[in-house]
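# An overview of the molecular structure
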Amino acid sequence: MSTTSFKGIVLNSIDYEDNHQVLTIFSDKYGKIGMVALGVNKPTSKNKYALQTFNLSEFEIFKSRQKHTLSKLKTAVLIKDHFEITKNYDNYMYISAIGKIIEQATLDRQKNFRIYTILLNFLEKINLNENPFSNFVLTLFKLIQFFGGDWILNQCYRCYRSYKFYRAFNFEDYGLVCPNCVREDDSIQSAEFVSYVMKLKTTNLETDEIQIVPIKYHIYLVKHLLNYYEQTLGIWNPILEQIKEKEFVKNLKNV
Ligand SMILES: [Zn+2]
């Protein structure tokens, strides 16, 4: 086996036979990659901190020839820990939900530097406790494009015309609806909410911009995004279920 090095974020680790672990890493060079770390649970192991979940580390591995067989860890050196995320239950839940989605929905050794960057940015923000809930919702939205998702935000999905303003965002067909196409049975949101949705694809919101977005917009969005992951993308896990069942998510009816 040849050796190779890369940076990566630990998504998951499972102990086996006392001293060993099987790790899932999301890396800059290979996307998701699985590996065996031998002897890592021994008290003398030097790799321990580097292998903790959600830490960013530099890995050197003996890379297996085939995608479905595990590579073997040679060394791991910690680049940046994210220990602050463990101090807040909700924050840990948000990052775990994103980590789980990426683990579930990406293929082994399929490089995707954009997913790597999105995950790393979100980790940094959660670690700093910077608008954790809003950043969670925006990260959920950013990821849908990689799993076959698409919301129609540049034109009316019924007449295909572009407008400056739309009347609603339809959360059954996931597209904007213009004033001419709106029907009596459509559920309508406020003009402010609709114009915020229009900007979702185009802007990378900075911290001070996120802070002025009403929190209920993000709650309303998370409710529908979770539904979209479950019903349309077919990506679901117990952590997403837990967020969906939160009272503040269930109780918000409209914006
Ligand atoms: Zn229309």
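Residues numbered from 1 in each chain as written. Predicted model: local features only at pLDDT ≥ 70, side-chain atom pairs only at ≥ 80, totals over all residues. Heavy atoms only, no water.

## Looking at unusual backbone geometry
For Asn129, which is not glycine, the phi dihedral falls at a positive 55°. Its place among the elements puts Asn129 in the loop between helix H2 (113-127) and helix H3 (132-143). Looking at Asn129, the relative accessible area reads 46%, which means it is partly exposed. One non-glycine residue with positive phi stands out, namely Tyr174, at about 55°. (Helix = DSSP H or I, 4+ residues; strand = E, 2+ residues; numbered from the N terminus. Buried < 20%, exposed > 50% of the residue type's maximum accessible area, 1.4 Å probe, protein only.)

## Thoughts on the packing of aromatic side chains
The description of an aromatic ring pair uses the distance of the two centres, along with the angle that the planes make with each other. This model, assessed by the stated rule, comprises 23 aromatic pairs. Consider the rings of Tyr94 and Phe136, whose centres lie 4.8 Å apart with planes at 20°: the pair is stacked. Taken as a pair, Tyr94 in helix H1 (residues 89-105) and Phe136 in helix H3 lie far apart in primary sequence, 42 residues in all. Accessibility assignment for this pair places Tyr94 and Phe136 in one class, buried. Aromatic ring contacts, followed pair by pair, group Phe141, Trp151, Phe169, Phe171, Tyr174, Phe193, Tyr196, Tyr217, Tyr220 and Tyr228 into a single cluster. (Phe/Tyr/Trp six-rings, centres within 6.5 Å; stacked < 30°, edge-to-face > 60°.)

## Here's the deal with the packing of helix H4 (residues 191-199) against helix H6 (residues 215-233)
Viewed as axis vectors pointing N to C, H4 and H6 meet at an angle of 65°, and their least axial separation amounts to 11 Å. In this structure, H4 crosses over H6, and the sense of that crossing is right-handed. For the pair H4 and H6, the contacting residues are Glu192, Phe193, Tyr196 and Val197 in the first and Tyr217, His218, Tyr220 and Leu221 in the second. Of the residues contributing to the contact of H4 with H6, the split by class is 6 nonpolar, 1 polar and 1 charged. (Axes fitted to C-alpha atoms, helices over the stretch in contact; angles between N-to-C directions. Left-handed = near helix turned anticlockwise from the far one by under 90°. Contact = heavy atoms within 4.5 Å. Nonpolar A, V, L, I, M, F, W, Y, C, P; charged D, E, K, R; others polar.)

## Focus on the coordination of the zinc ion
Coordination of the zinc ion by the protein comes from Cys156 (SG), Cys159 (SG), Cys178 (SG) and Cys181 (SG), over a distance range of 2.3 to 2.4 Å. Taken together, the 4 donor atoms coordinating the zinc ion span angles of 104 to 114° at the metal, a pattern that classifies the geometry as tetrahedral. Along the chain, the residues that donate to the zinc ion are spaced as C-x2-C-x18-C-x2-C. Placement of the pair is Cys156 in strand E6 (residues 152-156) and Cys181 in the loop between strand E8 (175-177) and H4, with a sequence separation of 25 residues. No difference in accessibility class separates Cys156 from Cys181, as the two residues are buried. (Donors = N, O, S within 2.8 Å, 3.2 Å for Na, K, Ca; no water. Tetrahedral: all angles 85-135°; square planar, octahedral: opposite > 155°, others 65-115°.)

## Points about the domain arrangement of the chain
Structurally, the chain comprises domain 1 (2-81) and domain 2 (84-150 + 200-251). With centres defined by C-alpha atoms, the gap from domain 1 to domain 2 works out at 24 Å. Across the contact, 26 residues belong to domain 1 and 23 residues belong to domain 2. Summed over both partners, the interface of domain 1 with domain 2 buries about 2000 Å², with 60% contributed by carbon and sulfur atoms. The largest per-residue losses of area from domain 1 upon contact with domain 2 belong to Phe26, Lys32 and Phe54, which jointly make up 36% of the total buried on that side. The tally of links from domain 1 across to domain 2 stands at 0 salt bridges. Where domain 1 touches domain 2, the interface holds 7 residue pairs in polar contact (both at pLDDT 80 or more). Those elements that place two or more of their residues in the side of domain 1 that touches domain 2 are strand E1 (2-16), strand E2 (20-27), strand E3 (31-37), strand E4 (56-63) and strand E5 (71-80). (Domains from an automatic or database assignment. Buried area = accessible area lost by both parts, 1.4 Å probe. Salt bridge = Lys/Arg side-chain N within 4 Å of Asp/Glu carboxyl O. Polar contact = N/O pair within 3.5 Å; in protein donor to acceptor, adjacent residues only side chain to side chain.)

## So, H6
With 19 residues, H6 extends 25 Å from end C-alpha to end C-alpha; this agrees with the ideal 27 Å at 1.5 Å per step. Turning to H6, its buried residues number three or more, namely Tyr217, His218, Ile219, Tyr220, Leu221, Val222, His224, Leu225, Leu226, Tyr228, Tyr229 and Leu233. Contacts from the buried residues of H6 go to H1, H3, H4, helix H5 (207-212), helix H7 (238-244) and helix H8 (247-251). Of the residues flanking the end of H6, it is Gly234, one or two places downstream, whose phi is positive at about 70°. (Expected span 1.5 Å × (residues − 1).)

## Description of H2
Over its 15 residues, H2 runs 21 Å from end to end, which matches the ideal 21 Å to within 8%, given 1.5 Å per residue. Listed as buried for H2 are Ile115, Tyr116, Ile118, Leu119, Leu120, Phe122, Leu123, Ile126 and Asn127. Buried positions along H2 lie against E1, E2, E4, E5, H1 and H3. Put simply, Asn112 is the residue that caps the front of H2, since its side-chain oxygen is 3.2 Å from the backbone nitrogen of Arg114. The first or second residue beyond H2 is Asn129, which carries a positive phi of 55°.

## A few points about the pattern of salt bridges
As enumerated under the stated definition, the model contains 9 salt bridges in all. Here Lys250 makes a salt bridge to Glu245, at a shortest N to O gap of 3.3 Å. Take Lys250: its relative accessible area is 35%, and that puts it in the partly exposed class.

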